[in-house]
Amino acid sequence: MSTLARRLIICCLGVLAGIAAWPVAEVILMYQRIFPSYLIFSIVLGAAFGFILGAFFGSFAGITSSVKPRIGSGAITGALVGLVGGAAGFFIGQGVLFLAGELLFSSYKSFNRIGLPVARAIGWGFLGIFVGMTEGIRAGSLKKIQVGILGGFIGGIPGGFALEYSRLLFPEIIYARLAGFIILGLLIGFFYSLVEKRLAYGVLRVLNGCFKGKEFLIAQKKLKIGKSAKNEISLADYADVADVHAVLLIKGHDLLLKPAGPKFPVLVNEDKITEHPLKYEDVIKIGSARLYYKLE
Amino acid sequence: MSLRKILPLLSGLILLTPLIPADNISISQIDSSSLLTSQAIKLYLSVTDSRGSPIEGLTAEMFRVFESADGLNFKEVPGIEGFKTGANIAAGINFLLLLDNSGSMYDTIGGKPTSVQKDMRITHARQATLSFVDSITNPRDSLGLASFNTNYSIHTPPGSKLAKTALLLDEIVKPTKEEAYTELYASLLLAAEQMSGIKGRRVIIVLSDGENFPYFLHTQREHKNFKERIFQHTEPIELCQKEGISVFAVNFGREKDRYLETIALETGGTVFDASNEEQLSEVYQRIRNRILTEHLLTYRATMDPADIQYVKVEYSRDNKKESVTRFYFSSTIFGLPLESLSFLLVIPFLIALVLWWLLTKLRLEKIARRPTLEVLHVEQGSPSTKLFNIRSKKTVISGSEEADLTIAGAPKMKENRATVIFDKKSKSYTVVGEREITVNNKSVKTRKLEPGDVINVGGTTIVFDDKPPR
């Protein structure tokens, strides 16, 4: 799978997550007045929203690596992380919205056209941060968390604006919030993939076999390569590949490749290595699999 | 006491009732900072008598609080959680001095035309303004300066540092005949609009010597900004009440606008008859004292969905009721709910799930079913095809059009070529370079190929692949 396909998939997941979250959010919003306080309301709504977005985004790694068990486990882990992240994000986003709405835009006159959209966009930006972090927390990767924070915030702000302005421009249309959710999901996905690429250390492209053409983005400090589905780079169905065969490590500015054990041979440009700083265009042989390290 | 005796007394009381001046209540600030964490709203209330003096001895029982999502239908909140008198607010006061600069301000205090600068009302007003600036002791206070006649002019925007205001008094110059009208209500409205963007205590002090005297009404010519609009005194009152801005009026002459007192009292301010600098310098202290005697009322907010929640405080004393309405920001991140729910909402949820399931079934990888050469990267030029299926015994890669896989426009490819040869006996492929080529970054002349081998010929990177290894 190319980087473009990968980007399209995460954007699709974002859109689907937005669509799925919309009806759930509408039901909770409808019953706002039965909640005892804004605190409980924010936590419940944020948790439900984060749960759905987290489940969709959590399945991303499994889908792109074509490892089915990882789709389910990723979705569950993502949903649970999203549940907590969504609650925290909504709480903080709501706090920011109240603060921005009350402090910065106390003027009644400009409130609807400027104050409310800006305040809401800021709130959504914070919500986006926590939703975007889901994949990073699921993967236990600080780098991915950083990517999620940036991608989520950048994606959340236009989502908030879209919601507010579509509501202002088309007050009769009930789908304004759905549009906002879709844009939020799409932009979180898009900016996540964009930021991920910018912060990535390159791409490993599989050159042969059943995963031929698949590209693995190197966007976290440690990646395991092997047959097991738990690995970030899973080479199931390749001959002579151990469960965990090799490890990729980011050390300073170097990307180091080393075998996971003495019995697992790893060749770079035909030479057997013990630890090797990768350069672009290096050809890696792990079992019967060939991988090509490139910038993009 | 007989009914015959009581009736005249009662009717007398009824007749007298409208004559008893009403108290004034205003909300000077709404603090909703605890809304998210504890659902509490704090209201800073100012209750004054008809002369603008704070009323003492108030209790929580005298107040009722209502909330409304639309500003029309109010419902009473369950209860008041706290009531404190003398709430000491550390925040400063944002003043906007609105100075009358109409033609009459260039007469004497007694209303006679004069050409002597020091006798003019405007000179006294300027000096009084400087005295006012000097009397401000709180460094957190801010001061803006505006003037009005036919037009409203802002000299120092509200929220500015104090020193700047004093200097900009020189900007106020004698108006022409066309500019000499008194657009008092319009100017108060514009001043309130300007103050509405500022946070905290907001006070407009208007120094005027006469009545509202609109340009259009008295000339029947269109005003350059207001056109034919005649402003009513209720307009600045409404905005000030909505925004919690108090208007304090200072009369600087013998004539007085008939609604100026109403404007001041209904916005929680008062009217001063000041004709000299000393009297005006007392104004600051009186406003400050007013704020120090404010009441803090805390209640638990309702959860009715609204972008802005209207809050009405009803105050009753001696069978008289007064109320004031303001609003606070109560919007949630996702905004207001739909008018009604429909089971059709389930459809997008299901669609999203189905599409997600289909996405998980997607396989974008291409497994090689036959030997191929895939162009991965071209340093210069363009290949005739990105993926070439090897069908013949010999496959030539070069810059020539006669080659099987042509890399056109690549000068290095013209000097170099590689041939992939199939050996029927061993059922294997070998690459042979005319000059030096690399396979897996190793320089070679000839090399037996394995699936996934990377060949570089003249800057073009090509991947050889065959059936997947097992």
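Colleague: Please provide a residue-by-residue account of the overall build of chain A, values included.
Modeller: What chain A contains, in helices and strands, is seven helices and 11 strands. The proportion of buried residues among the 296 residues of chain A is 63%. Considering only contacts in chain A between residues 6 or more positions apart, those separated by 24 or more positions represent 58%. If you sum the accessible surface of chain A, you get close to 11100 Å²; carbon and sulfur atoms cover 68% of it.

Colleague: Help me get a handle on the nonpolar core, residues and values and all.
Modeller: When a protein is soluble and globular, its nonpolar side chains tend to lie buried together. Formed by 72 residues in total, the largest nonpolar core has its most connected members in Phe49 of chain A together with Leu43, Phe63, Tyr299 and Phe334 of chain B. Sort the elements by how many residues they give to this core and helix α1 (residues 3-30) of chain A lands first, with 12 residues. Listed in part, the 28 residues of the second largest apolar core include Leu96, Ala186, Leu189 and Phe231 of chain B.

Colleague: Which residues make up the environment of Thr156 of chain B, and what values go with them?
Modeller: As for its placement among the helices and strands, Thr156 of chain B is situated in strand β8 (residues 152-156). With 11 residues separating them in the primary sequence, Thr156 of chain B and Leu145 of chain B have C-alpha atoms 4.8 Å apart.

Colleague: Describe the state of the cysteines, and please don't skip the residues or the numbers.
Modeller: Residues and elements named next belong to chain A. Applying the stated rule across the entire model yields zero disulfides over all chains. Left without a disulfide partner, Cys12 is nearest to the cysteine sulfur of Cys11, which lies 7.2 Å away. Exposure remark for Cys12: the relative accessible area of 37% places this residue in the partly exposed category.

Colleague: Requested: an account of helix α5 (residues 184-195) of chain B, with residues and values cited.
Modeller: Residues and elements named next belong to chain B. Compared with the 16 Å implied by 1.5 Å per residue over 12 residues, the 16 Å span of α5 between its first and last C-alpha is a close match. With respect to burial, α5 is a largely interior element, nine of its 12 residues being buried. Listed in full, the buried residues belonging to α5 are Leu184, Tyr185, Ala186, Ser187, Leu188, Leu189, Ala191, Ala192 and Met195.

Colleague: How would you explain the packing of helix α6 (residues 142-169) of chain A against helix α7 (residues 176-199) of chain A if you had to name every residue and give the values?
Modeller: Residue and element names in this part refer to chain A. For the pair α6 and α7, interaxial distance at closest approach is 7 Å and the crossing angle is 150°. Taken together, α6 and α7 sit at an angle that is classed as roughly antiparallel. Here α6 runs over α7; the crossing is right-handed. Partitioning the contact of α6 with α7 into residue classes produces 15 nonpolar, eight polar and five charged.

Colleague: Account for the pairing of strand β9 (residues 201-208) of chain B, naming residues and giving values.
Modeller: All names here are of chain B. Taken across its eight residues, β9 has eight buried, putting it largely inside the fold. What you see with β9 is no split at all: Arg201, Val203, Ile205 and Leu207 on one side and Arg202, Ile204, Val206 and Ser208 on the other are buried throughout. With seven bridges joining them, strand β6 (residues 93-100) and β9 adopt parallel strand pairing. Across the sheet, Leu97 pairs through a bridge with Ile205, a residue of β9. Across seven bridges, the pairing between β9 and strand β10 (residues 245-251) is parallel. Across the sheet, the residue bridging to Val206 is Ala249, located in β10.

What counts as what
Residues numbered from 1 in each chain as written. Chains lettered and ligands numbered in written order. Predicted model: local features only at pLDDT ≥ 70, side-chain atom pairs only at ≥ 80, totals over all residues. Heavy atoms only, no water. Helix = DSSP H or I, 4+ residues; strand = E, 2+ residues; numbered from the N terminus. Buried < 20%, exposed > 50% of the residue type's maximum accessible area, 1.4 Å probe, protein only. Contact = heavy atoms within 4.5 Å. Areas by Shrake-Rupley, 256 points an atom, 1.4 Å probe, with all protein chains shown as cover. Core = buried A, V, L, I, M, F, W, Y, C linked by side-chain atoms within 4.5 Å. Disulfide = S-S within 2.5 Å. Expected span 1.5 Å × (residues − 1). Axes fitted to C-alpha atoms, helices over the stretch in contact; angles between N-to-C directions. Parallel < 35°, antiparallel > 145°, perpendicular 65-115°, else oblique. Left-handed = near helix turned anticlockwise from the far one by under 90°. Nonpolar A, V, L, I, M, F, W, Y, C, P; charged D, E, K, R; others polar. Pairing = 2+ DSSP bridges.

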